[in-house]
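Coordinates in review
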Amino acid sequence: NGVFGSGRSLIGEAVPRGISSIDLRPETELASFSHLIVFTQSKLVEQTTPTGLEVVDAVAYASNTSFLDDDLDLTDIGGILEWDVPFDD
């Protein structure tokens, strides 16, 4: 936890040289961790000061949704879908 990676855990495998992104799959468990931390490593030593990003896992729900189907075909839909924008806490 924290920006320096104390109590850290590796997600997946170490990333090969030249790769600068990874795909975090849906349902990756956050557990009690609060940051994503990136360490670089040479053949000799791991970086002592990593870079980190706080994880904000938030949920928002739209409200007051409405949809009027203007398409007359039984298997198609068409029209305007409207909703109220969620509040930003």
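All of the points below concern the structure found in this document. (Residues numbered from 1 in each chain as written. Predicted model: local features only at pLDDT ≥ 70, side-chain atom pairs only at ≥ 80, totals over all residues. Heavy atoms only, no water.)

1. A word on the overall build of the protein chain
Assigned secondary structure in the protein chain consists of zero helices and four strands. Order of helices (α) and strands (β) in the protein chain, N terminus to C terminus: β-β-β-β. Taking all 89 residues of the protein chain together, 2% fall into the buried category. Within the protein chain, contacts between residues at least 6 apart in sequence are counted, and of these 33% link residues at least 24 apart. Only carbon and sulfur atoms are counted for the fraction: they give 55% of the accessible area of the protein chain, which is about 8,500 Å². (Helix = DSSP H or I, 4+ residues; strand = E, 2+ residues; numbered from the N terminus. Buried < 20%, exposed > 50% of the residue type's maximum accessible area, 1.4 Å probe, protein only. Contact = heavy atoms within 4.5 Å. Areas by Shrake-Rupley, 256 points an atom, 1.4 Å probe, with all protein chains shown as cover.)

2. Details of unusual backbone geometry
In this model, E27 sits at a positive phi of 70 degrees, which is unusual for a non-glycine residue. Mapping E27 onto the fold places it in the segment before β1 (35-38). The residue N64 is not glycine, and still its phi comes out positive at about 55 degrees. As for its position among the elements, N64 is in strand β3 (residues 63-67). Taking relative accessible area as the criterion, N64 reaches 57% and is therefore assigned exposed.

3. What to know about a negative patch on the surface
On the surface, a cluster of negative charge is made up of D69, D70, D73 and D76. Its location among the elements puts D73 in the loop between β3 and β4 (81-84). (Patch = residues over 30% accessible without salt bridge, like charges linked within 9 Å, V, L, I, M, F, W, Y side chains within 5 Å. Salt bridge = Lys/Arg side-chain N within 4 Å of Asp/Glu carboxyl O. Lys, Arg positive; Asp, Glu negative; His and termini not counted. Charge placed at Lys NZ, Arg CZ, Asp CG, Glu CD.)

4. Focus on the environment of D84
Mapped onto the elements of the fold, D84 is located in strand β4. Note: C-alpha distance between D84 and A62 (22 residues apart in sequence) is 5.9 Å. Ignoring any residue separated from it by four or fewer positions in sequence, one finds D84 in contact with A62, S63 and N64. Engagement of the side chain of D84 in a polar contact is seen with the side chain of N64, the distance being 3.3 Å. (Polar contact = N/O pair within 3.5 Å; in protein donor to acceptor, adjacent residues only side chain to side chain.)

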